[in-house]
Amino acid sequence: MERHKLRYEMMNKFDPSGETGYNWEIEVHATPEELQAFAESGYLIREGLFQGEALQKLRDALDRLEERESEKRDSAIAGKKGWGFIPRHLMDKDEVFLDLLKFQPTLSIARAMMGPLVRLRGLSARITYPGDGRQHQTPWHQHMRVISNPIPPWFSRPHCIDCLIYLDDLNEDTGAVAIVPGSHDWLDKASPTVHELVEGEVHLQVKAGGGVLIHGNLWHRGLPTLNAKRRMLILSYTPTWLRKSPHGGAQPEDGLTHDFLKEADFEERMLLGVGGYS
Ligand SMILES: [Fe+2]
């Protein structure tokens with residue numbers, strides 16, 4: 001993966017070391033051309049984010065979590081089938097997930113697109129189970145439906161990068177992800193909430209360990225999961241001053257990030273939502 005360096009000078013105290021002056025130097029895991037294409041299309045494919053042992057560790061950790069939360073899983077499956085089971089607060093539940101806090105292949109891109117002051121919106125997973133028909137697909141949606149009509153002059157448009165990281169191959173059996181390029185910029189309309197065909201939609205398949213990075217408001221949906229379980233992580237970033245995901249309620253009080261924060265440095269605290277704004 002090609003990389004390039006990016007330097008931000010900050011206006012105030014937001015220096016990661018507190019010593020080197022008011023700037024951040026970021027090694028971005030993408031080319032400037034890829035970032036430009038991401039800005040315009042709203043999505044960026046990243047094959048091979050995790051391979052071999054690293055991929056297996058994530059799969060094992062998610063399988064363990066699914067087993068521990070099997071009651072929640074069963075009631076989720078009995079309810080909205082198309083959404084499968086969505087465990088939340090993963091960084092509080094397994095060290096393997098907490099280790100993704102500073103995962104540079106995605107974090108560096110988030111900082112290149114939204115500035116150095118970013119935080120985790122959350123790390124969740126979505127597991128979809130095979131079955132026939134429309135119940136096993138996810139309808140069109142977008143993640144930040146907070147835009148009014150008309151848009152006031154000083155409206156703060158919400159930006160978010162959701163990294164959809166697939167732990168199984170996306171194919172006909174597990175279901176591709178469908179997106180509409182450029183739809184993150186359509187501030188005057190919301191996505192449909194059904195499974196209909198949308199003009200210009202593109203179906204993406206990546207290998208296990210690969211990811212599709214999307215702007216949080218890109219129109220997207222999951223095609224039917226027909227024959228094999230589909231495991232996905234959702235690693236999300238926003239600017240530090242945007243509130244974290246409301247889904248899944250408060251994080252568990254005895255979660256891993258609780259103790260981690262006691263020893264955490266400026267950057268780690270900021271990533272977990274403590275400070276990093278004025
Ligand atoms: Fe989604």
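What counts, and at which threshold
Residues numbered from 1 in each chain as written. Predicted model: local features only at pLDDT ≥ 70, side-chain atom pairs only at ≥ 80, totals over all residues. Heavy atoms only, no water. Donors = N, O, S within 2.8 Å, 3.2 Å for Na, K, Ca; no water. Buried < 20%, exposed > 50% of the residue type's maximum accessible area, 1.4 Å probe, protein only. Pairing = 2+ DSSP bridges. Helix = DSSP H or I, 4+ residues; strand = E, 2+ residues; numbered from the N terminus. Axes fitted to C-alpha atoms, helices over the stretch in contact; angles between N-to-C directions.

Thoughts on the coordination of the iron ion
Taken together, the protein donors to the iron ion comprise H141 (NE2), H143 (NE2) and H220 (NE2), at separations of 2.0 to 2.1 Å. All donors of the iron ion come from a single chain, and their spacing in sequence reads H-x1-H-x76-H. For H141, a relative accessible area of 13% puts it in the buried group.

Some remarks on the sheet that holds strand β8 (residues 202-204)
An order of β5-β10-β7-β8 is seen for the 4 strands of this open sheet, with the pairing classed as antiparallel. The open sheet has two free edges, formed respectively by β5 (138-141) and β8, since each of these has just one partner strand. For this sheet the average axis-to-axis angle between neighbouring strands, irrespective of direction, equals 20°. Pairing of strand β7 (residues 177-179) with strand β10 (residues 220-222), which is carried by 3 bridges, proceeds in the antiparallel orientation. Across the sheet, the residue bridging to V177 is G222, located in β10.

Some details on unusual backbone geometry
Following N149, the chain continues into P150 via a peptide bond in cis, with omega recorded as 0°. Within the fold, P150 resides in the loop between β5 and β6 (161-166). At H89, a residue that is not glycine, the phi angle is positive and equals roughly 55°. Position of H89 among the secondary structure elements: in the loop between α3 (70-78) and α4 (95-98).

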